[in-house]
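# Architecture at a glance
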2 protein chains.
Amino acid sequence: MGIREVAAAAGVSITTVSDALNGKGRLPDTTRLHVREVADRLGYRPSAAARTLRTGRSGLLGLTTAMRSTEPFALTEFAWFAELVRSATATALDLGYALVVLPASSPHDVWGNVALDGTIVVDPVDDDPLVLELLRRGVPVVSGGHPGSTPVYGWVDNDHVAAVRCVLDHLAQAGAGRIGLLAAADGPGTGKGVAGYRAWCADRGVPPITEEYEARTPGAGRAAATRLLDRAPDAVFGLHEGCAAELLAAARARELRVPDDLLLACCGEGADPSVTSLSLQPALAGAWAVELLVGVIEDAGAGSLLPAQRTVPTRLSVRDSSTRR
Amino acid sequence: MGIREVAAAAGVSITTVSDALNGKGRLPDTTRLHVREVADRLGYRPSAAARTLRTGRSGLLGLTTAMRSTEPFALTEFAWFAELVRSATATALDLGYALVVLPASSPHDVWGNVALDGTIVVDPVDDDPLVLELLRRGVPVVSGGHPGSTPVYGWVDNDHVAAVRCVLDHLAQAGAGRIGLLAAADGPGTGKGVAGYRAWCADRGVPPITEEYEARTPGAGRAAATRLLDRAPDAVFGLHEGCAAELLAAARARELRVPDDLLLACCGEGADPSVTSLSLQPALAGAWAVELLVGVIEDAGAGSLLPAQRTVPTRLSVRDSSTRR
DNA sequence: GCTTTACGAAGAAACGTATCGCCCCATACC
DNA sequence: GGTATGGGGCGATACGTTTCTTCGTAAAGC
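Residues numbered from 1 in each chain as written. Chains lettered and ligands numbered in written order. Predicted model: local features only at pLDDT ≥ 70, side-chain atom pairs only at ≥ 80, totals over all residues. Heavy atoms only, no water.

### Re the sheet that holds strand β6 (residues 179-184) of chain A
Sheet strands pair by backbone hydrogen bonding; their relative direction is either parallel or antiparallel. Residue and element names in this part refer to chain A. Taken in spatial order, the 6 strands make up an open sheet running β7-β6-β8-β9-β10-β12, and their pairing is mixed. Of all strands in the sheet, those with a lone pairing partner are β7 (209-213) and β12 (315-317), marking the two edges. Pairs of neighbouring strands in the sheet enclose a mean axial angle of 15°, with direction left out of account. Pairing of β6 with β7 involves 5 bridges; the strand directions are parallel. Note on β7: the bridge partner recorded for A183 is E212. Sheet contacts for helix α8 (residues 160-173): β6, β8 (235-238), β9 (263-267), β10 (276-279) and β12; angle to β8, the most-contacted strand, approximately 160°. Along the sheet, helix α11 (residues 243-253) makes contact with β6, β7, β8 and β9, crossing β9 at roughly 160°. (Pairing = 2+ DSSP bridges. Helix = DSSP H or I, 4+ residues; strand = E, 2+ residues; numbered from the N terminus. Axes fitted to C-alpha atoms, helices over the stretch in contact; angles between N-to-C directions. Contact = heavy atoms within 4.5 Å.)

### Side note on the protein's contact with DNA strand D
In the neighbourhood of DNA strand D, 27 residues make up the surrounding shell, with A:I3, A:R54, B:T15, B:T16 and B:R26 lying closest. A:Y44 is positioned with one of its side-chain polar atoms (N or O) 2.9 Å from a sugar or linking oxygen of DNA strand D. The separation between a base oxygen of DNA strand D and a polar side-chain atom of B:R26 is 2.8 Å. Here the surface near DNA strand D takes 5 residues from helix α2 (residues 14-22) of chain A, the largest share from any one element. In terms of residue class, the surface near DNA strand D is built from 9 nonpolar, 10 polar and 8 charged. (Near = heavy atom within 4 Å. Polar contact = N/O pair within 3.5 Å; in protein donor to acceptor, adjacent residues only side chain to side chain. Nonpolar A, V, L, I, M, F, W, Y, C, P; charged D, E, K, R; others polar.)

### Focus on helix α12 (residues 282-299) of chain B
Along its 18 residues, α12(B) runs 25 Å from first to last C-alpha, staying within 8% of the 26 Å computed at 1.5 Å per residue. Three or more residues of α12(B) are buried, namely B:P282, B:A285, B:G286, B:A287, B:W288, B:A289, B:V290, B:L292, B:L293, B:V294 and B:I297. (Expected span 1.5 Å × (residues − 1). Buried < 20%, exposed > 50% of the residue type's maximum accessible area, 1.4 Å probe, protein only.)

### Regarding the protein's contact with DNA strand C
Around DNA strand C, the structure places 26 residues, and the nearest of them are A:T16, A:R26, B:I3, B:Y44 and B:R54. For DNA strand C, the fraction of atoms within 4 Å of the protein that belong to sugar or phosphate moieties is 51%. The separation between a base oxygen of DNA strand C and a polar side-chain atom of B:T15 is 3.1 Å. Taking B:R51, its side chain carries an N or O atom lying 3.0 Å from a phosphate oxygen of DNA strand C. Where the surface near DNA strand C is concerned, the elements lending two or more residues are α2 and α4 (48-55) of chain A together with α1 (3-10), α2 (14-22) and α4 (48-55) of chain B. At 5 residues, α2(B) tops the list of elements feeding residues into the surface near DNA strand C. Class assignment for the residues of the surface near DNA strand C results in 9 nonpolar, 10 polar and 7 charged.

### Quick look at the domain arrangement of chain A
Partitioning chain A into domains gives domain 1 (3-46), domain 2 (60-157 + 284-311) and domain 3 (160-280 + 317-322). One C-alpha centre belongs to domain 2 of chain A, the other to domain 3 of chain A; they are set 30 Å apart. (Domains from an automatic or database assignment.)

### Let's talk about the sheet that holds strand β9 (residues 263-267) of chain B
Residue and element names in this part refer to chain B. The strand order across the open sheet formed by 6 strands is β7-β6-β8-β9-β10-β12, and the pairing between neighbours is mixed. The two strands at the open ends of the sheet, each matched to only one other strand, are β7 (209-213) and β12 (315-317). The mean inter-strand angle of the sheet, taken between neighbouring strand axes irrespective of direction, is 15°. Bridge count between strand β8 (residues 235-238) and β9: 4 bridges; the pairing is parallel. Each bridged residue has a counterpart across the sheet, and for G238 the counterpart in β9 is C266. Each of β6 (179-184) and β7 touches helix α9 (residues 190-204); the most contacted strand, β6, lies at about 170° to it.

### With respect to the pattern of salt bridges
Two side chains carrying opposite charge are able to pair once their charged atoms lie near each other. Applying the stated criterion across every chain yields a total of 28 salt bridges over all chains. Among the salt bridges present, the one from B:D117 reaches B:R57, with a minimum N-O distance of 3.9 Å. Of this pair, B:D117 sits in the loop between α6 (110-113) and β3 (118-122) while B:R57 sits in the loop between α4 and β1 (60-65); the two residues are 60 residues apart in sequence, bridging distant segments of the chain. Assessed through its relative accessible area of 38%, B:R57 is described here as partly exposed. Note that B:E133 and B:R137 form a salt bridge whose closest N and O atoms lie 3.5 Å from each other. The exposure class of B:R137 is partly exposed, given its relative accessible area of 30%. A network of salt bridges, in which partner residues are shared, links A:E133, A:R136 and A:R137. (Salt bridge = Lys/Arg side-chain N within 4 Å of Asp/Glu carboxyl O.)

### With respect to the interface of chain A and chain B
The partner chain B presents 37 residues to the 37 residues of chain A that form the contact. When chain A packs against chain B, close to 2,800 Å² is buried across both sides, 65% of that on carbon and sulfur atoms. Applying the counting criterion to the chain A and chain B interface returns 2 salt bridges. Between B:D109 and A:R45 there is a salt bridge, with its nearest N and O atoms 2.8 Å apart. The tally of links from chain A across to chain B stands at 8 residue pairs in polar contact (both at pLDDT 80 or more). (Buried area = accessible area lost by both parts, 1.4 Å probe.)

### Looking at the packing of helix α5 (residues 79-94) of chain B against α12(B)
All names here are of chain B. Interaxial distance between α5 and α12 falls to 7 Å at its minimum, and their mutual angle equals 40°. By the angle between their axes, α5 is oblique relative to α12. Crossing of α5 over α12 shows right-handed handedness. Here W80, E83, L84, S87, A88, T91 and A92 of α5 come into contact with α12, specifically with P282, A283, A285, G286, A287, V290 and E291. (Parallel < 35°, antiparallel > 145°, perpendicular 65-115°, else oblique. Left-handed = near helix turned anticlockwise from the far one by under 90°.)

### So, the side chain of A:S87
Residue and element names in this part refer to chain A. Mapped onto the secondary structure, S87 falls in helix α5 (residues 79-94). S87 gets classed as buried once you look at its relative accessible area, which sits at 7%. The contacts of S87, once residues within four sequence positions are left out, are A283, G286 and A287.

This is the structure:
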């Protein structure tokens, strides 16, 4: 069931079959139709492997994330990442590509066994050896989150500083004087979020009040939330998705009412409909990263030399938890 | 940077390089080491495309789900499906495969452009044309959910009837007399769940009380939950993940206390820690489906003729919402 | 009548790997 | 001395496409 069988059955050469099926070459419509009809009748499907070998294009995009902890797929459990992957997959398919999610490293050499047209690296570490190796091989790389000094082809990222400022300004405007911050140490964007928070505090001349925890350690979130409330803030900002539940529980245990005694805002898509939340819009990030990557792949050569960059907007949904009655 | 360059640099033939790198043939360790050293120095990576063409194996597994609604990726938003995909991805990687998620149909011919060693089809419709086409091409197919009359190589599924009975028995034992059912019409496993519910009702000689809704229609869930409570049940079972929140909200609006006035149990992983929930263990389903599929791929020939089948256990977590005080 | 142009189609060379079978050269054995 | 034996290595082919180049023929232009 190769192209040869089709050629034989249609009484033409394989060149003609290839041209007819791919809309290339100079062929009268009669021939084209005839070949297509024969191919259909025989149930012919071109071999993806052979096409990939010949053209150098596989139609496959990789998506990975640098491992910060030793646990593979640590980010997977953050809804932020899951949503990014979902959106990236859908966008890739729209553009005619399939997307495969790979771990940064694995016992089997998966990276060597798939031909990738390009790769998205989410939250890369500086000079990630995996990224450098990909670039060396000529595989375009686009990063989600600022790539640091790694010379990628482009990246998408939120303006974390502005986003954090937006939330903190909102809390301050709602009457907060001492705003605390709770963050998962190994979560996405923690570094920038905390930095933005500290910068804002410095601007205002107020002391920062922060607590961090390991997301993967059971109970660590609750403990950190409790520690944070120990420091008597009148508002708290949870930088990660689990934070809202932990902070609410800790507040209840302490008989603090939200929002009366404590204002609350969190990042995330706001599973709890009463909590003010800042969405980082991971779906946009995923879609744009794919668009950027596909742009690089298909422009190859004509492309601009500068890495393309897009800033993903954030959206603050103000809910009861940060509205003084 | 092909195998030829390595051969030239090492002063041997490409056969020797291939054998040395793949641990085949009869070569003294000195040669093997030498070739490997040269290959490393040159940064040689075998071409996945060429290997795939030659060996007929790509190391890629597909995962798809039949489209029930017109919307692509309808199931994606069910946490059940998302978790299944996550687990399947991880398991595939453990076994040395990468997993690519594809829509049942798409404007671009993605299925034709990727070489798949096998495919998992979640909740296939009977005699799904896509599945039949894959089987015709000789691609092993394993299904998640009973495949009906489609001659797949194997499948994994929950025992839906037993699972539903387990929940209903629990509610009855907790004192429920009139148990209602709320289900998303287009959700996974709806048909079997509802059938199991009706069978249980018939066994007990009680009338079924069911309401369904379209998961994708905003407000439909709330409306259906309200309709269900209109029919005055003293316990309700939500067959899908969103049901808990909808039922709780509807109950609150009606000033019904849970569990005092209304017992509540749902399927899903129980985002709300106070709701009794039946987990279908999608992670197990995903992992097992991959294991089955890889088994079929690697056994090819020696395999048994009967399709392999595994029943995924369910787990009922009893919480406050179904515990009479 | 001879050259140009255009059209229709085919030949053949890659793409980079894996592998079957073969060859050569020692050493050992009768 | 002739022949098994086995280790070490290589030549050549096939996997199934895409595409560059070439070729023949017929119509059109001078």
